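# Structure at a glance
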Amino acid sequence: MARAAVRLGVREVAELAGVTPYTVSRFETEQGGLRLDTAEKLKAALTKLGVRFTDEQGRSCVCYEPPAVAGS
């Protein structure tokens with residue numbers, strides 16, 4: 001789960017992405033019914049926090065790289 005890597009709850013991720021907590025849950029469980037622009041909002045919010053989404057050989061993967069700290 002991508003948000004676990006950044007240690008945020010459903011509500012925090014929803015607020016960052018401008019969506020509802022229910023939408024975050026549907027995104028995480030791949031229940032479907034999400035519009036493409038909504039999924040992109042969630043991906044963009046998580047990407048800013050250091051989460052990378054990749055598609056390698058037909059498999060979706062999620063990786064986490066903490067953002068660089070200024071001055072290090």
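Notes on the structure follow. (Residues numbered from 1 in each chain as written. Predicted model: local features only at pLDDT ≥ 70, side-chain atom pairs only at ≥ 80, totals over all residues. Heavy atoms only, no water.)

### A short note on the overall build of the chain
Selection criterion: Helix numbering and strand numbering both begin at the N terminus, where a helix is a DSSP run of H or I of at least 4 residues and a strand a DSSP run of E of at least 2. Whether two residues are in contact is decided by their heavy atoms, any of which lying within 4.5 Å being enough. The method behind every accessible area is Shrake-Rupley, applied with a 1.4 Å probe, and residues are considered shielded solely by the protein chains displayed.
Scanning the chain from terminus to terminus reveals 4 helices and 2 strands. Listing every helix and strand of the chain by position from the N terminus yields α-α-α-α-β-β. Partitioning the contacts of the chain with sequence separation of at least 6, the portion at a separation of at least 24 is 28%. Accessible surface, the chain as shown: approximately 5,300 Å² in total, 51% of it carbon and sulfur.

### Some thoughts on helix α4 (residues 36-48)
For clarity, the threshold we go by: Multiplying one less than the number of residues by 1.5 Å gives the expected span of a helix.
End to end, α4 covers 18 Å across 13 residues, agreeing with the expected 18 Å (1.5 Å per residue, within 8%). On its buried side, α4 packs onto α1 (2-5), α2 (10-17), α3 (21-29) and β1 (51-56). With its phi angle positive at about 110°, Gly50 sits one or two positions after the end of α4.

### Let's talk about the side chain of Thr23
Positionally, Thr23 belongs in helix α3. Once residues within four sequence positions are removed from consideration, Thr23 is found in contact with Leu34, Thr38 and Leu42.

### Re the nonpolar core
In plain terms, the rule: Buried Ala, Val, Leu, Ile, Met, Phe, Trp, Tyr and Cys residues that are joined via side-chain atoms within 4.5 Å together make up what is termed a nonpolar core. The buried label goes to any residue with under 20% of its type's maximum accessible area, the exposed label to any with over 50%, and the partly exposed label to all in between, with areas taken from a 1.4 Å probe on protein chains only.
The biggest cluster of nonpolar side chains holds 13 residues, and the ones touching the most others in it are Val19, Val24, Leu42 and Leu46. Of all elements in the fold, only α2, α3 and α4 reach the threshold of two or more residues within this core. The greatest single-element share of this core, amounting to 4 residues, is contributed by α4. Setting aside its immediate chain neighbours within four residues, Val19 contacts Ala14, Val24, Thr38, Lys41 and Leu42.

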